[in-house]
Amino acid sequence: MKLYFHIFIVFCFLLSGCNGKQNTVIKEVVSSDSIRYARGFTIQHFTDYTSVEVRDPWDSTRILQRYLLVDRSTSMPGDLPKGTVVRTPVKNIVVYTSVHAAIIDQLNEADKVIGVCEPRYMDTPSIQEGLRAGKIADLGEATAPNIEKIIDIGAEIIIASPFQNAGYGPAEKLGIPIIEAADYMESLPLGRTEWIRFYGLLFGKEAMADSIFRETEDRYLELKELAKTVTNRPTVISEKKFGSSWYMPAGDSYIAHLYKDAGADYIFKDLPGAGSTPLAFETVLDKAIHADMWLIKYNQANDMTYKDLRTEYTPYENFDAFKNRRIYTCNTGIVPYYEEFPIHPDYLLKDLVWVFHPELLPGYTPRYYRKME
């Protein structure tokens, strides 16, 4: 996974109190990790620290953050370049999202989590156990966390997801390093998984993180190869309308890549971008009325039925997938979909291969999706 080489790199930055003069800091790069799928970060190892640069997902020419990871058992190196210093292995962590709580649990480091936002969405058993035992504090909403409590519990680091043109409010003034976890902006499923290599460095578990990534990659690519053998690729659409818009995954989104890798033909693969595009219902109906299959995620106590879908919005019954009873659903309130797929897209890919080509996986019991009754 690593390309070993020895070069010298010059970091130039301005230091306060130097009358505007430029200081040059020379550091020897010991190794640079080869990132295979992720577009959002790079890793370079120096003799006395590791530099992780997170790119701005909305402007690839900019660096969102540079993290300087320094072993907490050593003295602070002199002449560090400009960046956010993080002492590793990290401890006393505050986590804003359920996805990153689940990733920390995968690394067997859930005991380092001392506070979370929006615990109602935290389905990871170790996190729920910590909340019940009072070892993990409820910090309220991620958009407005309880700053006083973050200070009181002694948080040393915050892991949060960045959003365009939005900051972290008062939390930015605490002096606590904020890890800007932009993994959700990756378009390739394995690109999002590869961020575990960054998170592994935070906990001093580089080898474990690499192992999890390689095993996931192997399983994913094996399923992708299996799906390449198909001769018929059913057409498919995703989700349903929310309010007045139907947010359809764009052509470079992770879900579009998953559909392709699972042997399906995504109707809206030509939509530009890697996120979701709001479309009018009429636009979706006009282009996708004859789609072979329709996949929907929802969160409710009872399983969704065709009657529920018709009651929600009667025009849904005009789609061929509705008429032919070829809708598959995932109830995210019952299965750990959001906690698992960022690190294990192979789980989701296997379900999708089963949906589109069940003959390739005889006897398989799906993990997330089921045929709507």
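What you see as residue numbers is a count from 1 along each chain, following the sequence as written. Only residues with pLDDT of at least 70 are given local features in this predicted model, and only at 80 or more are side-chain atom pairs given and counted; all residues enter the totals for whole chains, interfaces and linings. Where side-chain values are given, they derive from all heavy atoms of the structure, hydrogens and water being excluded.

Student: Tell me what's going on with the pairing of strand E10 (residues 157–160), and back it up with residues and numbers.
Tutor: Along E10, one buried face is formed by Ile157 and Ile159 and the opposite face, lined by Ile158 and Ala160, is buried too. When DSSP finds two or more bridges between two strands, those strands count as paired. The secondary structure listing takes helices from DSSP runs of H or I that are at least 4 residues long and strands from runs of E that are at least 2 residues long, numbered from the N terminus. Pairing of E10 with strand E11 (residues 178–180), which is carried by 3 bridges, proceeds in the parallel orientation. Within the sheet, the bridge partner assigned to Ala160 lies in E11 and is Glu180. Here's how the labels work: a residue is buried when its accessible area is under 20% of the maximum for its type, exposed when over 50%, partly exposed in between, all with a 1.4 Å probe on protein chains only.

Student: Summarise the packing of aromatic side chains; cite the residues concerned and give the values.
Tutor: Given two aromatic rings, their pairing is described by the distance between the two centres and the angle made by the two planes. Here a Phe, Tyr or Trp ring, Trp counted by its six-membered ring, pairs with any other such ring whose centre lies within 6.5 Å, and the pair is stacked when the planes are under 30 degrees apart, edge-to-face when over 60, and tilted otherwise. Summed over all chains, the structure comprises 29 aromatic pairs. Ring geometry for Trp246 against Phe319: centres 5.8 Å apart, planes inclined by 65 degrees, an arrangement best described as edge-to-face. Pair noted here: Trp246 is in strand E13 (residues 246–249) and Phe319 is in the loop between helix H9 (306–312) and helix H10 (320–323), with a separation of 73 residues, a long-range link. Of the two residues, Trp246 and Phe319, both sit in the buried class. Between Phe281 and Phe319 the ring centres are 6.0 Å apart and the planes differ by 90 degrees, which places this aromatic pair in the edge-to-face class. Separated by 38 residues along the polypeptide, Phe281 in helix H8 (residues 281–288) and Phe319 in the loop between H9 and H10 bring together distant segments of the chain. Here the basic side chain of Lys241 rests over the ring of Tyr313, its NZ or CZ set 4.4 Å away from the ring centre. Charges are assigned to positions over rings by a cutoff of 6 Å between ring centre and Lys NZ or Arg CZ, combined with an angular limit of 35 degrees from the ring normal.

Student: Help me get a handle on the sheet that holds strand E8 (residues 113–116), residues and values and all.
Tutor: Read across the sheet, 5 strands follow the order E9-E8-E7-E10-E11 without closing on themselves; strand pairing throughout is parallel. The two strands at the open ends of the sheet, each matched to only one other strand, are strand E9 (137–138) and E11. Any two residues having at least one pair of non-hydrogen atoms within 4.5 Å are treated as being in contact. Working convention: axes come from line fits to C-alpha atoms, limited for helices to the stretch in contact. Angles between N-to-C directions cover 0 to 180 degrees. Contacts from helix H1 (residues 98–106) reach strand E7 (93–95), E8 and E10 within the one sheet, and its direction differs from that of E7 by about 135 degrees.

Student: Describe H8, listing the residues and the values that go with them.
Tutor: Turning to H8, its buried residues number three or more, namely Phe281, Val284, Leu285 and Ala288. The buried residues of H8 occupy one face: seen down the axis, they fall within an arc of 100 degrees. In H8, those exposed residues whose orientation departs by more than 90 degrees from the buried face are Glu282 and Asp286. Tucked into the core, H8 has its buried residues touching strand E12 (235–238), E13 and strand E15 (276–279). Note that the arc is defined by the directions from the helix axis to the C-beta atoms.

Student: So what about unusual backbone geometry? Which residues, and what values?
Tutor: Here the amide bond leading from Thr88 into Pro89 is cis, since omega sits at -5 degrees, within 30 degrees of zero. Along the chain, Pro89 turns up in the loop between strand E6 (84–88) and E7. One non-glycine residue, Asp79, lies in the positive phi region at around 55 degrees. Note that Asp79 resides in the loop between strand E5 (59–71) and E6. The backbone of Asn108 shows a phi angle near 60 degrees, a positive value even though the residue is not glycine.

Student: With reference to specific residues and values, describe the confidence of the model for the protein chain.
Tutor: Confidence scores per residue from the predictor, reported as pLDDT, run from 0 to 100. Averaged over all residues, the pLDDT of the protein chain is 91; the fraction at 70 or higher stands at 92%. The low-confidence segment residues 1–24, where pLDDT is below 50, has 58 contacts with residues more than four positions distant or belonging to other chains.

Student: Which residues make up the UniProt feature "domain: Fe/B12 periplasmic-binding" (unreviewed entry) in the protein chain, and what are the values?
Tutor: UniProt positions are given in the numbering used here, feature names are shortened, and annotations may be inferred rather than shown by experiment. Following the UniProt record, one finds the feature "domain: Fe/B12 periplasmic-binding" (unreviewed entry) at residues 92–360. Between the C-alpha atoms that bound residues 92–360 there is a distance of 46 Å. The span itself is 37% helix and 15% strand.

Student: Give me the side chain of His357: which residues, what numbers.
Tutor: Note on placement: His357 falls in the loop between helix H12 (345–356) and strand E18 (370–371). For His357, a relative accessible area of 3% gives the class buried. Excluding residues that lie within four positions of it along the chain, His357 makes contacts with Val230, Asn232, Pro234, Ala262 and Gly263.

Student: So what's going on with the sheet that holds strand E16 (residues 293–298)? Which residues, and what values?
Tutor: The mixed open sheet is built from 5 strands, whose spatial order is E14-E12-E16-E17-E18. The outermost strands of the open sheet, each flanked by one partner alone, are strand E14 (265–266) and E18. With 5 bridges connecting them, E16 and strand E17 (residues 327–331) associate as parallel partners. Within E17, the residue paired with Ile296 across the bridge is Thr329. Contacts between H12 and the sheet are confined to E12, E16 and E17, with E16 contributing the most and set at about 140 degrees to the helix.

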